[in-house]
Structure formats: structure tokens, C-alpha cells
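Chain by chain, the residues:
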Amino acid sequence: TGPVADIVKEMARKLGVPYTITPASGAAGVIALIKAHKADIGFLAYDEARAKEVDFAGSYALMYNTYVVAADSPIKTAADADRPGVKIGAVRGQTQELYLSANIKQGEVKVYESQPPQAELERLLFSGELQAFGANRQRMEDAAAKSSKLRALADNFLVVVQEIVVEKGDPAK
């Protein structure tokens, strides 16, 4: 279980209703389930574009986001990544990619369809194709923990409020 499962279980207990947790692929998948009435609530980071499709009904957690870099990288802080010649990877449509694409001024954001598997992430960072990869802190720390060749930065480039979402215009929210 995790925080989402715990929240769903407690909400269902308080309301006295049964529940089912349905996995979704990314934010688009969560929104699609809600719009199709296959889910009553979802869990997403706030984003203006998403707010046009669903209503945000309340926060439940903060999501910290950082970079993983090669262990010997000169990049020591998140701010160090926004430099000329620095290529930063991020997953298309994820909160991190949306933020980085809008805010990186000197570096270059390279967009991937999904997070590269561990071996590919290491190859990208060691070949020079990327100097950093930005994602959820837990994922980046997990990647660094699996390899002495990688290091997760100590600071964050973004902290995002995670919220419960409901159908747009849902009067029960």
C-alpha cells in the first residue's frame, strides 16, 4: 500500500462504501477514467491544462522532484543543470517535463516517451547524450541507489502539490 491506497481506503471507510483502485497510465489515463465514469476520484499534480478537464478537490501530499546525474558530474545543485550545453531528460507530459520545458532557459530538455530503464538511463548519462534526468525524487533516488555510477541531487528543482481530482463540475466534490 501507499499514500493513495491509504487515502482511498479511509475515504471509503468513512463513507461506508466499497472501493476499487484502478491503475492508470499517467495523468491522461487518470483523466480518461474519470471522464468515462470508471473512477470517481483520481490523484494528480495540479496543472492548468488538467484543471480544464477535471476539478481539483484538495491536496494530500507534496511531490519532490530532482535530477539524477553521473556520480562524477559537475552538476551539484538543480540550478547547475540550467547551463548552456546541458541536456536534461524528462518524460513527455509528466509534471517534471512540463515544468522543465517551460522553465529551463540555457539548457536543453530532451523528451522521452517513458522513463528509460536503469541500464539505458546509465548509458544516456555516461555517453553524454544527457547530463541529467529529471523526475520524482523517489524514482531518482531509487535509480541512484541501484548504481554507484549515479547520484541523485540533494535539492529539488520543483515541489508540487498532489491533489485529489474529480469530474469537472461534479456537484458532490
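Please read these numbers as outputs of a predicted model, since none were measured by experiment. (Residues numbered from 1 in each chain as written. Predicted model: local features only at pLDDT ≥ 70, side-chain atom pairs only at ≥ 80, totals over all residues. Heavy atoms only, no water.)

## A word on helix 1 (residues 3-15)
Here comes step 1: In a regular helix each residue adds 1.5 Å, so 13 residues correspond to 18 Å; helix 1 covers 18 Å between its end C-alpha atoms and thus fits that length.
Here comes step 2: Trailing helix 1 by a residue or two, Gly16 shows a phi angle of about 70°, which is positive. (Helix = DSSP H or I, 4+ residues; strand = E, 2+ residues; numbered from the N terminus. Expected span 1.5 Å × (residues − 1).)

## So, the pairing of strand 7 (residues 158-167)
Here comes step 1: Among the ten residues that make up strand 7, seven are buried, leaving the element largely enclosed by the rest of the structure.
Here comes step 2: Sheet topology note: the strand 1 (residues 42-45)/strand 7 ladder contains four bridges and is antiparallel. Looking at the pairing, Gly42 lines up with Val165 of strand 7.
Here comes step 3: As paired strands, strand 2 (residues 54-70) and strand 7 are joined by ten bridges and run antiparallel to one another. (Buried < 20%, exposed > 50% of the residue type's maximum accessible area, 1.4 Å probe, protein only. Pairing = 2+ DSSP bridges.)

## Comments concerning the pattern of salt bridges
Here comes step 1: Overall, the coordinates contain eight salt bridges when judged by the stated rule.
Here comes step 2: Residue Glu53 pairs with Lys35 through a salt bridge whose shortest N-O separation is 2.9 Å. Here Lys35 lies in helix 2 (residues 26-35) and Glu53 lies in the loop between helix 3 (48-51) and strand 2, a separation of 18 residues in the sequence.
Here comes step 3: Take Glu53: its relative accessible area is 34%, and that puts it in the partly exposed class.
Here comes step 4: A relative accessible area of 45% places Lys35 in the partly exposed class.
Here comes step 5: Glu113 is the salt-bridge partner of Arg92, the closest N and O atoms lying 2.6 Å from each other. On the criterion of sequence distance, the pair formed by Arg92 in the loop between strand 3 (87-91) and helix 4 (95-103) and Glu113 in the loop between strand 4 (108-112) and helix 5 (118-127) is long-range, its members being 21 residues apart.
Here comes step 6: We classify Glu113 as exposed; its relative accessible area is 59%. (Salt bridge = Lys/Arg side-chain N within 4 Å of Asp/Glu carboxyl O.)

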